[in-house]
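What the coordinates show
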Amino acid sequence: MVKDNLTDFHTACDTYNECTRWQAIKVFFKGVPNPNLYWFLFVVATLMIFSSILTGVLFKFIGTDQKNSILLSIIGLISGVAIFYFYLLKKHGVGKEKTRRYQRLLTYTFYQYERYFMFKDGLHEIYKHKDFPFDKVKELIQTRLQQDQGLAVFRIWLVGVCVSLLITIIFSLAPSAEEGKELYIAIVSFYLLLSLLFTYAMHDPFWFKGNRYRELLLFITLYESDSVLEYINEE
């Protein structure tokens, strides 16, 4: 019995880990109609290439009076890509009717609905002919969550030290000239923020095990609720 519960627990964890933000993005773009997808890829490729060229021009050839205009142009081009992306997300994402009953339960972040529906479909595919042991699996998650909390503080401290060290090294490479130093700091800060936004969009923000266990517990609770409703509807 204990072995079966552990098997079910690991199955739930594996299913949850497969439902990453990156996987949800791939599933989303598979559902985007081809003309829209091709236009999006074409516009993104064109604007990013042009932004890269402008970045090279900004470092090598442009005078002081034109640097701000070029930098604002780069920011504007990347903002255009983001606007186009959010337009596709709003038009071709999960419908409002499908997500209405989850709006007060799931945090409204990009692709969380998609991730939950992927998780639900994955477990339903495995356990469609037998009951999922919700209580036992939730107890195991709570136990793992308590074990993980002891190391959480150390991990956060370690990540903070590493990030601080990395930022210190990057900004220590700034040129000594006052004018060049300001430009270097502005551009590096911009690309660091862009990298953070990309990381947040493409990967699961719940990096630590504790947060993942909490979200897994939420997903299983929602899945249990959906299973009860489906059973009532079948009756």
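Check the entry above for the structure.
Residues numbered from 1 in each chain as written. Predicted model: local features only at pLDDT ≥ 70, side-chain atom pairs only at ≥ 80, totals over all residues. Heavy atoms only, no water.

So, the overall build of the protein chain
- Scanning the protein chain from N- to C-terminus turns up 9 helices and 0 strands.
- Secondary structure elements of the protein chain, listed N to C terminal, follow the sequence α-α-α-α-α-α-α-α-α.
- Counting all 235 residues of the protein chain, 32% fall into the buried class.
- Put simply, of all contacts in the protein chain between residues at least 6 apart along the chain, 77% involve residues at least 24 apart.
- With an accessible surface of roughly 15,500 Å², the protein chain has 65% of that area assigned to carbon and sulfur atoms. (Helix = DSSP H or I, 4+ residues; strand = E, 2+ residues; numbered from the N terminus. Buried < 20%, exposed > 50% of the residue type's maximum accessible area, 1.4 Å probe, protein only. Contact = heavy atoms within 4.5 Å. Areas by Shrake-Rupley, 256 points an atom, 1.4 Å probe, with all protein chains shown as cover.)

Thoughts on the environment of L6
- Mapped onto the secondary structure, L6 falls in helix α1 (residues 2-18).
- Each C-alpha atom of the pair L6 and V137 lies 7.7 Å from the other, and the pair is 131 residues apart in sequence.

So, the environment of L123
- Along the polypeptide, L123 turns up in helix α6 (residues 112-126).
- Residue classification places L123 among the buried residues on the basis of a relative accessible area of 0%.
- Counting along the chain gives 111 residues from L123 to A12, while the straight-line C-alpha distance between them is 7.1 Å.
- Discounting chain neighbours no more than four positions away, the residues touching L123 are A12, T15, F132 and Y223.

Read these as layout, nothing more, since geometry by itself doesn't imply function.
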